[in-house]
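Chain and residue survey
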Amino acid sequence: MKTTKKIISVILACILCLSIAATGVFASGYIGEAKAKEIAFEKAGISADKARFVNCEFDYDNGVAVYDVEFYYNKTEYSCDVNAKTGAIVNFEVDKSDTNAPVVDANYIGKAKAKRIAFKHAGVDASKATKVEVQFDFDNGVAVYEVDFHADKVDYDYEINALTGKIIRAEKEKDIEFSDFALIKWIMSIIEAIKSFFNK
């Protein structure tokens with residue numbers, strides 16, 4: 001029995017080490033968000049202090065790790081995909097708008113009201129909502145609040161007009177329980193098989 005416990009401990013330790021190693025590999029070798037933004041601003045020909053509503057996200061484009069940098073300046077939306085390892089520009093788009101990027105202190109409904117609108121539409125009590133995130137954004141010339149939260153094993157994703165409070169998009173997705181994954185069940189069956197083998 002002790003031998004079985006030792007083997008299982010070794011297996012779990014190996015999995016942990018591999019996870020830590022993978023995290024280290026992931027973190028190393030990339031230029032970082034700050035450098036990606038710098039490259040995007042230089043491509044657009046503007047200084048960092050002039051860019052508004054800057055957003056930078058790590059993503060994959062056709063299997064290539066990239067930083068997706070988006071920002072606004074002078075009635076123009078810029079989108080720049082920067083290779084996360086080399087710093088090369090993968091894609092660069094410019095979209096001129098009829099309106100300037102919104103000002104944070106304008107007459108918007110506010111994050112609190114945006115949350116209330118989303119909770120009411122979802123039929124969720126605010127006290128039961130977890131992982132609540134509200135972000136102000138600018139989508140195709142429209143100021144919006146993106147409201148995300150979790151309740152009763154369901155993930156909710158809302159986009160709400162920041163001026164009118166109108167719901168632009170409402171999506172929900174039921175969580176998959178950890179124990180439901182076939183991989184977990186497969187690993188557990190292997191562990192049980194190992195136990196049975198050493199208990200003979």
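See above for the structure.
Note that the coordinates shown come from a computational prediction; the quantities given were computed from them, not determined experimentally. (Residues numbered from 1 in each chain as written. Predicted model: local features only at pLDDT ≥ 70, side-chain atom pairs only at ≥ 80, totals over all residues. Heavy atoms only, no water.)

Moving on: the sheet that holds strand β1 (residues 52-61). Within the open sheet, the four strands sit side by side as β1-β2-β3-β4. Their pairing is antiparallel. On the outer flanks of this sheet lie β1 and β4 (89-96), each paired with one strand and no other. On average, adjacent strands in this sheet sit at an angle of 15° to one another, irrespective of strand direction. (Pairing = 2+ DSSP bridges. Helix = DSSP H or I, 4+ residues; strand = E, 2+ residues; numbered from the N terminus. Axes fitted to C-alpha atoms, helices over the stretch in contact; angles between N-to-C directions.)

For the rest of this paragraph, the subject is the side chain of Asn 161. Mapped onto the elements, Asn 161 comes out in strand β7 (residues 154-161). Beyond its immediate chain neighbours, meaning those up to four positions away, Asn 161 contacts Ile 109, Val 142, Ala 143, Val 144, Lys 166 and Ile 168. (Contact = heavy atoms within 4.5 Å.)

On to helix α3 (residues 111-122), then. Over its 12 residues, α3 runs 16 Å from end to end, which matches the ideal 16 Å to within 8%, given 1.5 Å per residue. For α3, the set of buried residues is Ala 114, Ile 117, Ala 118, Phe 119 and Ala 122. Where α3 is buried, its residues meet β5 (130-139), β6 (142-151), β7 and β8 (167-174). Immediately beyond the C-terminal end of α3, within one or two residues, lies Gly 123, with a positive phi of roughly 70°. (Expected span 1.5 Å × (residues − 1). Buried < 20%, exposed > 50% of the residue type's maximum accessible area, 1.4 Å probe, protein only.)

Turning to the pairing of β1, a few remarks are in order. Two faces, one strand: in a regular strand the side chains alternate between the faces of the sheet. In this sheet, strand β2 (residues 64-73) lies alongside β1 in antiparallel orientation, the contact comprising eight bridges. Its bridge partner being in β2, Asn 55 is matched across the sheet by Glu 70. If you look at the hairpin formed by β1 and β2, you'll find two residues sitting between the two strands, and Asn 62 has a positive phi there, around 55°.

Looking now at the nonpolar core. Core analysis: the biggest nonpolar cluster contains 21 residues, and Val 124, Tyr 145, Val 147, Phe 149, Tyr 156, Tyr 158 and Ile 160 have the highest contact counts within it. Listing elements by their share of this core, those giving two or more residues are α3, β5, β6 and β7. When neighbours within four sequence positions are excluded, Val 147 is seen to be in contact with Ala 114, Lys 115, Ala 118, Glu 133, Val 134, Tyr 156, Asp 157, Tyr 158 and Ile 160. In this structure, Ile 46, Ala 65, Val 82 and Ala 84 belong to the second largest nonpolar core, which totals 16 residues. (Core = buried A, V, L, I, M, F, W, Y, C linked by side-chain atoms within 4.5 Å.)

Here the structure, examined in full by the defined rule, presents four salt bridges. Across the salt bridge formed by Glu 38 and Lys 35, the nearest N and O atoms sit 3.5 Å from each other. Of the two residues, Glu 38 and Lys 35 are both situated in helix α2 (residues 33-44); the distance of three residues between them amounts to about one turn of the helix. What emerges from the salt-bridge pattern is a single network uniting Asp 157, Glu 159, Arg 169 and Glu 171. (Salt bridge = Lys/Arg side-chain N within 4 Å of Asp/Glu carboxyl O.)

Let us look at α2. End to end, α2 covers 16 Å across 12 residues, agreeing with the expected 16 Å (1.5 Å per residue, within 8%). Buried residues of α2: Ala 36, Ile 39, Ala 40, Phe 41 and Ala 44, and no others. Contacts made by the buried residues of α2 are with β1, β2, β3 (76-83) and β4. Gly 45, located one to two residues past α2, shows a positive phi value of around 80°.

The next thing to look at is the environment of Phe 138. Position of Phe 138 relative to the elements: it lies in strand β5. Residue Phe 138 is classed as buried on the basis of its relative accessible area of 6%. Between the alpha carbons of Phe 138 and Asn 161 there is a distance of 9.7 Å; along the sequence they are 23 residues apart.

Backbone geometry at Lys 131 places phi at a positive 50°, although glycine is not the residue there. Take Lys 131: its relative accessible area is 63%, and that puts it in the exposed class. With phi around 65°, Lys 153 is a residue other than glycine that occupies positive phi space. You can see Lys 153 is positioned in the loop between β6 and β7. Taking the relative accessible area as the measure of exposure, Lys 153 reaches 44% and is therefore partly exposed.

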